[in-house]
Amino acid sequence: MKKNIWRLVTLMMVLSMVLAACAQPAAAPVEQPAAAPVEEEAAPAEEPAVVEEGFDMVLLPKFIGNLVFDQAYAGAKEAHEELGNPGKLEFLGPTADQSVAGQIEIVTSATSRGVDAIMISNNAGDQIVPVAQAARDAGIVVTTWDSPIPSAEGEQVFVAQVDFDETGFVMADMALEILGENGGKFAVLSASPDAANQNAWIAALQEALKDPKYAKIELVDIVYGNDISEDSYNQALALVAKYPDLGVIMAPTTIGIASAAKAMTDEGLCDKVKISGLGLPAEMVEFTLSGCAPKFALWSFVDLGYLTYYLTYRIASGEIKGVEGETFDAGRMGTYTIEKDPTRDVGLRVLMGPFKVYDKTNVEAEAK
Ligand code: RAM
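What counts, and where the lines are drawn
- Residues numbered from 1 in each chain as written.
- Predicted model: local features only at pLDDT ≥ 70, side-chain atom pairs only at ≥ 80, totals over all residues.
- Near = placed C-beta within 6 Å.
- Domains from an automatic or database assignment.
- Helix = DSSP H or I, 4+ residues; strand = E, 2+ residues; numbered from the N terminus.
- Expected span 1.5 Å × (residues − 1).
- Buried ≥ 20, exposed ≤ 12 C-beta atoms within 10 Å, placed from the backbone.
- Arc of directions from axis to C-beta.
- Contact = placed C-beta atoms within 7 Å.
- Axes fitted to C-alpha atoms, helices over the stretch in contact; angles between N-to-C directions.
- Parallel < 35°, antiparallel > 145°, perpendicular 65-115°, else oblique.
- Left-handed = near helix turned anticlockwise from the far one by under 90°.
- Pairing = 2+ DSSP bridges.
- Right-handed = clockwise from strand over helix to strand, strands pointing away.
- Core = buried A, V, L, I, M, F, W, Y, C linked by C-beta atoms within 7 Å.

Lining the immediate environment of the ligand, one finds 14 residues, of which Val68, Ala191, Thr253, Thr254 and Leu278 sit closest. Formed jointly, the shell around the ligand draws a minimum of three residues from each of two domains, domain 1 (57–162 + 301–354) and domain 2 (164–298).

Structure below.
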């Protein structure tokens, strides 16, 4: 609780005054009048409340019901237990169909409840800024993970799962490998139009495609399935209907890629159209083994939740301020540094990584 910080600050001030009163600096003249004795009486009877009550932290995913966010929560819980935080860790998210309004509401209510920290996977673009800023103004630590606040306003630090610019090249390489030397057409099936992470990755892909190496592959369309399985499934089928010579659907979303692979499988289209993008091995294994989705990439969401919790806790507890250049310890993951986010015009990030690329040689082992 934030009030605890003030209790701790008061306690420390009193303590330092008491210590200052007791300590006799070597150079201090003996005739120096004794420090006023009142400080001792001012010492509160309370124990250091921070240690007792800890910090209440909210992990806010884009929405509930997506396995990757459950994995992030598992990682955050692991860190919560390891750090012995007596405060609460809440996992609160909206439903996918009202994610923007739902995220705004959860940040607003967490702020009025006076939690100590909110960790957001932002699905609301810059629409989240006013409430994130209000939380900051109320003294709450606001970090982002998975998907940042594009303008970085109201966000202290973003925990980037991988380098967002590299994501563009990873996707371009997968498209090129699947389409082959002669190239061909591919389309992007994204999440929602407000998803800051997917938007940044698509921009990075478009930038990467300028490299002559990718001259023979052509991005023909970008469509949105809103990270809702049914919408994504239908969007994948619509793409195939619209572009009869489409070779690959590239979905930078675990919901989109699995839905598109299912759609192609159900319709017997896998020989014509391959699926790639960012997927979860457990959700992709059957499609990778069948050859429908020969290659895809991702990172560990468990680690992402774990690292996000560590960073946020270190800021909430005052061990670090959350500014550029600071280094902090993140338990089993080691040491990380807060840096300027080179993939945005503004903002700070902590870079996790690495990317893992999956195909039929390693997908089964990772799916377990
Ligand atoms: C979906 C979500 C998430 C993204 C992954 C790749 O699960 O959109 O934000 O990181 O896909």
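Back to the write-up after that little detour.
Here we come to helix α5 (residues 99–113). Between its first and last C-alpha atoms α5 spans 21 Å; for 15 residues at 1.5 Å apiece the expected length is 21 Å, and the two agree. Inspection of α5 places Ser99, Gly102, Gln103, Ile106, Val107, Ala110 and Thr111 among the buried residues, and these make up the whole buried set. Here the buried residues of α5 occupy an arc of 170 degrees about the axis, which is enough to place them on one side. Every exposed residue of α5 that faces more than 90 degrees away from the buried side is listed here: Ala101 and Ser112. Along its buried surface, α5 packs onto β1 (57–60), β3 (117–120) and α6 (129–137).

In this section: the packing of helix α9 (residues 229–242) against helix α10 (residues 254–266). Each pair of packed helices can be summarised by the angle the axes make with each other and by the distance between the axes. Interhelical geometry of α9 versus α10 gives an angle of 55 degrees and a closest axis separation of 8 Å. With respect to each other, α9 and α10 are oriented oblique. As for the relative orientation of α9 and α10, their crossing is right-handed in sense. Mapping the contact onto sequence places Ser229, Ser232, Tyr233, Ala236 and Leu237 in α9 and Ile255, Gly256, Ser259, Ala260, Lys262, Ala263 and Met264 in α10.

All right, on to the pairing of strand β14 (residues 348–351) then. Burial along β14 is two-sided: Leu348 and Val350 facing one way and Arg349 and Leu351 facing the other are all buried. Sheet topology places strand β5 (residues 157–160) next to β14; three bridges connect them, and they run parallel. Within β14, the position partnered with Val159 by the bridge is Val350. Alignment of strand β13 (residues 339–340) against β14, held across two bridges, turns out to be antiparallel. By the bridge assignment for β14, Lys340 is matched with Leu348.

On β3, burial covers both faces: Ala117 and Met119 on one face and Ile118 and Ile120 on the other are all buried. Of the pairings in the sheet, the one linking β1 to β3 comprises four bridges and is parallel in character. Counted as the bridge partner of Val58 is Ile118 from β3. As defined by bridge partners, β3 adjoins strand β4 (residues 141–145) across four bridges and the pair is classed as parallel. Counterpart to Ile120 in the pairing with β4 is Thr144. This β-α-β element, β3 to α6 to β4, shows right-handed connectivity.

Looking now at the nonpolar core. In this structure, Ile118 and Ile249 are the most contacted members of the largest nonpolar core, which totals 104 residues. For this core, the leading source of residues is helix α12 (residues 301–316), giving ten residues. Of the domains in this structure, domain 1 (57–162 + 301–354) and domain 2 (164–298) are the two that each give at least three residues to this core. Residue contacts for Ile118: discarding those within four places in its chain leaves Val58, Leu60, Val107, Ala110, Ala135, Ile140 and Val142.

This paragraph deals with α10. Relative to the 18 Å expected for 13 residues at 1.5 Å per residue, α10 spans 18 Å between its end C-alpha atoms, a close match to the ideal helical length. Along α10, the positions that sit buried rather than exposed are Thr254, Ile255, Gly256, Ile257, Ala258, Ser259, Ala260, Ala261, Lys262, Ala263 and Met264. Just downstream of α10 lies Gly268, where phi reads positive at about 65 degrees.

Another aspect to go through is unusual backbone geometry. With an omega of -5 degrees, the peptide bond running from Gly353 to Pro354 counts as cis. Turning to its location among the elements, Pro354 is positioned in the loop between β14 and β15 (356–358). Although it is not a glycine, Asp146 sits at a positive phi angle of roughly 70 degrees. In this fold, Asp146 is placed in the loop between β4 and β5. At Ala152, a position not held by glycine, the phi torsion is positive, near 65 degrees. Looking at where Ala152 falls in the secondary structure, it is placed in the loop between β4 and β5.

Our next topic: the sheet that holds β5. Reading across from one edge, β2-β1-β3-β4-β5-β14-β13 is the order of the seven strands in this open sheet, with mixed pairing throughout. A single partner strand is all that each edge strand has here, and the edge strands are β2 (89–91) and β13. Direction of pairing for β1 relative to β2: parallel, over a ladder of three bridges. Across the sheet, Met57 pairs through a bridge with Leu89, a residue of β2.

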